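One-letter residues, chain by chain:
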Amino acid sequence: MPKVFEKDGYRFFFYSNEHRPIHVHVRHGDGEAVFDVEESVTLRESQGMKVSELSKAQQLAEENQPLILEKWHEHLG
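Let me sum up the structure you'll find in this document. (Residues numbered from 1 in each chain as written. Predicted model: local features only at pLDDT ≥ 70, side-chain atom pairs only at ≥ 80, totals over all residues. Heavy atoms only, no water.)

Considering the nonpolar core
Then comes step 1: Counting residues in hydrophobic clusters, the biggest one holds 19 residues, and the most contacted among them are F12, V24, F35 and I68.
Then comes step 2: Taken together, the elements giving at least two residues each to this core come down to β1 (3-7), β2 (10-13), β3 (23-28), β4 (31-36), α1 (51-63) and α2 (65-76).
Then comes step 3: In terms of residues, this core owes the most to one element, α1, which gives 4 residues.
Then comes step 4: If we ignore the near neighbours within four places in the chain, the residues touching F35 are I22, H23, V24, V26, V41, T42, L43, R44, L54, A57 and Q58. (Core = buried A, V, L, I, M, F, W, Y, C linked by side-chain atoms within 4.5 Å. Buried < 20%, exposed > 50% of the residue type's maximum accessible area, 1.4 Å probe, protein only. Helix = DSSP H or I, 4+ residues; strand = E, 2+ residues; numbered from the N terminus. Contact = heavy atoms within 4.5 Å.)

Focus: the pattern of salt bridges
Then comes step 1: Scanning the model with the defined rule gives 5 salt bridges in all.
Then comes step 2: Across the salt bridge formed by D8 and K56, the nearest N and O atoms sit 3.4 Å from each other. With a gap of 48 residues between them, D8 in the loop between β1 and β2 and K56 in helix α1 connect regions that are remote in the sequence.
Then comes step 3: When its relative accessible area of 49% is taken as the criterion, D8 is described as partly exposed.
Then comes step 4: Overall, the relative accessible area of 26% leaves K56 in the partly exposed class. (Salt bridge = Lys/Arg side-chain N within 4 Å of Asp/Glu carboxyl O.)

Focus on the pairing of β1
Then comes step 1: Where β1 meets β2, 4 bridges bridge the pair, whose relative direction is antiparallel. From the neighbouring strand, K7 faces β2, where its bridge partner is Y10.
Then comes step 2: The antiparallel hairpin formed by β1 and β2 contains 2 residues in its connecting segment, where D8 sits at a positive phi of about 55°. (Pairing = 2+ DSSP bridges.)

Quick word on the environment of V4
Then comes step 1: By the secondary structure assignment, V4 is in strand β1.
Then comes step 2: Its relative accessible area of 8% is what places V4 among the buried residues.
Then comes step 3: For the pair V4 and E53, spaced 49 residues apart in sequence, the C-alpha separation works out to 18 Å.
Then comes step 4: Excluding residues that lie within four positions of it along the chain, V4 makes contacts with F12, F13, F14, V24, L67, I68 and K71.

A word on the side chain of H28
Then comes step 1: As for its position among the elements, H28 is in strand β3.
Then comes step 2: You can call H28 buried: its relative accessible area is 18%.
Then comes step 3: At 3.1 Å, the side chain of H28 forms a polar contact with the backbone oxygen of G9.
Then comes step 4: For H28, the contacting residues outside a window of four places in its chain are D8, G9, Y10, M49 and E53. (Polar contact = N/O pair within 3.5 Å; in protein donor to acceptor, adjacent residues only side chain to side chain.)

Structure follows, in structure tokens:
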């Protein structure tokens, strides 16, 4: 499970057998969400995260979108 980055208790990562579209998983507390990041950062699904946590996760994903894309290509080709 390649870790992309971690900040403020939010852990962004990929699974080893990922598929397109390019996306990133994020965990915070007991919740998890998935954001598509190929063109823009869009919430795909979430479970157990509050609206405020999702908002913060999306902000972090937007700020780090170039890093997420770089790590995707590095780990998943």
